[in-house]
Every structure is written in C-alpha cells, then in structure tokens.
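# Analysis of the macromolecular model
One letter stands for each residue in the lines below.
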Amino acid sequence: MHRKLDFKLYVITGENYHPGRGMLEVMEAALMGGADIVQLRDKDISKRELLEKAKRLRELTAKYKVPLIINDHPDVALAVDADGVHLGQEDLPIAVARKMMGPHRIVGISTHNLEQARAAENAGADYIGVGPVYPTGTKPGRQAVTTSYVSQAAAEIRIPWVAIGGITTDNAAEVLKAGARRLCAVSAIVGNVDPEGACRRLLEQITGWNERTRTEIPSEQSYVHVTVNGRPARTQATTLFELAKQYGLESRRVVAELNGEVVPRQSWSDTPLHIGSLVEFVHFVGGG
Ligand SMILES: Cc1ncc(COP(=O)(O)OP(=O)(O)O)c(N)n1
Ligand SMILES: Cc1ncsc1CCOP(=O)(O)O
Ligand SMILES: [Mg+2]
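Criteria and thresholds
Residues numbered from 1 in each chain as written. Chains lettered and ligands numbered in written order. Predicted model: local features only at pLDDT ≥ 70, side-chain atom pairs only at ≥ 80, totals over all residues. Heavy atoms only, no water. Phe/Tyr/Trp six-rings, centres within 6.5 Å; stacked < 30°, edge-to-face > 60°. Helix = DSSP H or I, 4+ residues; strand = E, 2+ residues; numbered from the N terminus. Buried < 20%, exposed > 50% of the residue type's maximum accessible area, 1.4 Å probe, protein only. Lys NZ or Arg CZ within 6 Å of the ring centre and 35° of its normal. UniProt positions renumbered as here; feature names shortened; annotations may be inferred. Expected span 1.5 Å × (residues − 1). Contact = heavy atoms within 4.5 Å. Near = heavy atom within 4 Å. Polar contact = N/O pair within 3.5 Å; in protein donor to acceptor, adjacent residues only side chain to side chain. Areas by Shrake-Rupley, 256 points an atom, 1.4 Å probe, with all protein chains shown as cover. Pairing = 2+ DSSP bridges. Right-handed = clockwise from strand over helix to strand, strands pointing away. Nonpolar A, V, L, I, M, F, W, Y, C, P; charged D, E, K, R; others polar. Donors = N, O, S within 2.8 Å, 3.2 Å for Na, K, Ca; no water. Core = buried A, V, L, I, M, F, W, Y, C linked by side-chain atoms within 4.5 Å. Domains from an automatic or database assignment.

## Points about the packing of aromatic side chains
Applying the stated criterion across every chain, the model contains five aromatic pairs. Relative to Phe-281, the ring of Tyr-247 has its centre 6.5 Å away and its plane inclined at 45°; by these criteria the two rings are tilted. Separated by 34 residues along the polypeptide, Tyr-247 in the loop between helix H11 (240–246) and strand S11 (254–258) and Phe-281 in strand S13 (residues 278–283) bring together distant segments of the chain. In terms of burial, Tyr-247 and Phe-281 fall into one category: buried. An aromatic cluster is defined as three or more aromatic residues linked by ring pairs; in this entry it consists of Phe-7, Tyr-10 and Tyr-127. Between the NZ or CZ atom of Arg-182 and the centre of the ring of Phe-7, over which it lies, the distance is 5.4 Å.

## Details of the UniProt feature "binding site: Mg(2+)" (unreviewed entry) in the chain
Cross-referencing UniProt, the feature "binding site: Mg(2+)" (unreviewed entry) maps to Asp-72 and Asp-91 in the present numbering. Annotated residues spanning 20 residues; largest pairwise C-alpha distance 6.5 Å, indicating a single compact cluster. You can see Asp-72 is positioned in the loop between strand S3 (68–71) and helix H3 (74–79). Asp-72 gets classed as buried once you look at its relative accessible area, which sits at 15%.

## Considerations on helix H2 (residues 47–63)
When the terminal C-alpha atoms of H2 are compared, their 24 Å separation across 17 residues agrees well with the 24 Å that a helix rising 1.5 Å per residue should span. Residues of H2 that are buried sit in contact with helix H1 (23–32), strand S2 (37–40), S3 and H3. Positive backbone phi, at 55°, marks Lys-65, one or two positions downstream of H2.

## Side note on the site of ligand 2
Taken together, Arg-41, Pro-132, Thr-136, Thr-138, Lys-139, Ile-164, Gly-165, Gly-166, Ala-185, Val-186 and Ser-187 form the complete shell of residues around ligand 2. Thr-136 is positioned such that a nitrogen or oxygen atom in its side chain is 2.5 Å from an oxygen atom of ligand 2. The side chain of Thr-138 places a nitrogen or oxygen atom 2.5 Å from an oxygen atom of ligand 2. For ligand 2, whose unbound accessible area comes to 380 Å², protein coverage reaches 94%.

## Let's talk about the pairing of S3
Burial of S3 is two-sided: the residues Leu-68 and Ile-70 facing one way and the residues Ile-69 and Asn-71 facing the other way are all buried. In this sheet, strand S4 (residues 84–87) lies alongside S3 in parallel orientation, the contact comprising three bridges. Counterpart to Asn-71 in the pairing with S4 is His-86. With H3 bridging S3 and the parallel S4, this β-α-β connection has right-handed handedness.

## Some points on the site of ligand 1
As a matter of local geometry, ligand 1 sits amid 14 residues, with Arg-41, Lys-43, Gly-88, Ser-110 and Lys-139 nearest to it. Here His-86 contributes a side-chain N or O atom positioned 3.4 Å from a nitrogen atom of ligand 1. A distance of 2.6 Å is found between an oxygen atom of ligand 1 and a side-chain nitrogen or oxygen belonging to Lys-139. Protein chains bury 93% of the 420 Å² of accessible surface belonging to ligand 1 in isolation. Contributions of two or more residues to the shell around ligand 1 are made by strand S1 (9–12) and S4. Broken down by class, the residue content of the shell around ligand 1 amounts to four nonpolar, five polar and five charged.

## Concerning the coordination of the magnesium ion (ligand 3)
On the protein side, the magnesium ion (ligand 3) has Asp-72 (OD) and Asp-91 (OD) as donor atoms, found 2.0 to 2.3 Å from it. In this pair, Asp-72 sits in the loop between S3 and H3 while Asp-91 sits in the loop between S4 and helix H4 (94–101), placing the two residues 19 residues apart along the sequence. Given a relative accessible area of 30%, Asp-91 falls into the partly exposed group.

## Details of the nonpolar core
Residues Ile-128, Leu-183 and Phe-281 are the most contacted members of the largest nonpolar core, which totals 91 residues. Two domains share this core, each providing at least three of its residues, namely domain 1 (9–212) and domain 2 (220–283). Ignoring anything within four residues of it in the chain, the contact list for Leu-183 reads Lys-8, Leu-9, Tyr-10, Val-162, Ala-163, Ile-167, Ala-172, Val-175, Leu-176, Leu-202 and Ile-206.

What follows is the structure, given as structure tokens:
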C-alpha cells in the first residue's frame, strides 16, 4: 500500500501571511526555491472556492512535477486529480479516505503523539505529520508536542513523517538534531518576503544535516535496535537514561526493566543499551 514518497521540504499555503500577493505567485516562488511537496490549506473559504484554487494550484505543481496534497477534503482532491489528501485526527478516518482515494494516491495524517502515529501506520497512512513541534500562530492554542515527540517518531516510525509547527531557519537545526529528516512550514516560507530564498535556506539545512549524519556517523552504527514495551524501536540512546529521556519519561513515575530486571533510577545513566535490549517502562497507576 505504501507508495514511495520522497520529499524533504513540504510547503503549505497560508494566504493570511501574504496580503496583497497572490497564492500562486507565492507558491511558485516556493517551488522555485525547492519545495518538493505542496499542500493547499484554506479554512476560510467555501468548498466551491477551494475547488477553483485547487485547480489552479494543480496546474502550477504539475509544471514543477511536485505532488499536490489537499487539506481535509478527499472529494476536492479527486475532483482536481491531486496526488493526495491530508487528514487531521478529527477529519475523515484513514480507511474511509483510502477507500475514496484508492491505493495509489497519497493519504497523510497529522499526529500529536506516538500512539496516534502507530495507529496511522497500522491504518495504512502514506506519511504522517509530527507536530506542532513549537507553538504557532498558524494553529493558535494548539499545545506544542516539543522535540521529544520528534525523537520518538525517529526511533519508531517507519513510514515517511514530517515535522511541522513553528519551524523556522532558527530552530530547524534543533528539529533535525532530534531526528527529523523532512520539514514542513507555512509562515516561515509564505510569510517571508522572499519565499524562494526561505525555501533554499531551509532545504540547505535539511540536506546539509542529512549529508553530515550520513558521512560523519555511519547511520546503521549510530542506532541500536531495541524493544521498548514490546515494540521494536531504533534509537541513538546509549543508556537507559537517554532512552527514558527520548520517551519523555526521565522525570515521570515509572519503573524501568532491562531484560526482565528492574534497574534502579540512580543507575539509569550507567546502564548501557545493546542491540536487542528488551526495555519495559512500567507506569504507576492511581495513588494510595
Ligand atoms: C503536513 C501537515 N501536518 C499537519 C497538518 C494539520 O492538519 P489538521 O490537524 O487536520 O489541521 P488543519 O490543517 O486541518 O487545520 C496539515 N494540514 N499538514
Ligand atoms: C497546519 C499545522 N498543523 C500542525 S502545526 C500547523 C501549522 C504550521 O504552520 P507554521 O509553519 O506557520 O507554524
Ligand atoms: Mg484537517
């Protein structure tokens, strides 16, 4: 089911960020700067208007041979022969969208935690969004998931995934360091006076980081494959403490077991992980 999806910089439309400049002009600049997948997202217009915009953006993205994703609406995606649809946790379920879109189009979904990511993977999503990593004016009031969810996704998620939410050239390095290999942005690109340059700079950071990690740290040597609470995980953590940190558990009330033995918290930092280590983090339930 998973079609090969190859992208690094995902750019989403956001017309509020460029009053006085047309959506097509701004998106063409992003495409010239190297955006390699594009999403039409507009929550403020009628479906009829969205359809018209989608048709025009379809023509533009076809010219650049870049996939076009439509936010929220599989019917609009199909009507304009877009490459796929992006769903949220409150939009149509993946199975329903897949039935509408067929096996060859892209179905992506937003996730805000590892549980949702696993569910999306099992339901046959082609990619997932991981975010919002940072607070963002594009989705005001949404709690940031922080880079700790980015690290968790890097350790466990095997389908393509993209970090999104408040990402700029100032914090991209931190997100890449946490394990992201693809970035998505709205305001940092379309709200920039020079969307083409903004794309080029972000793309340089992504490719620079990806190349550095490929050459400086032979990738397979930098990861160990372990099992965490019964699930296979790939991690760069070298100790139990680093693994707990990756899962955001370092200061939570949990007991850690390594290969069936309880490891006291004060020893987590001195307890190395090895290939095949079996780790269980057991949560305390209730009080008393
Ligand atoms: C790539 C990508 N990731 C996340 C989202 C957000 O989708 P959703 O949670 O459904 O919120 P809206 O965008 O519909 O407001 C996205 N659109 N794209
Ligand atoms: C649509 C969406 N979903 C999660 S964060 C987000 C907004 C991303 O926009 P920005 O790059 O401006 O923070
Ligand atoms: Mg949505």
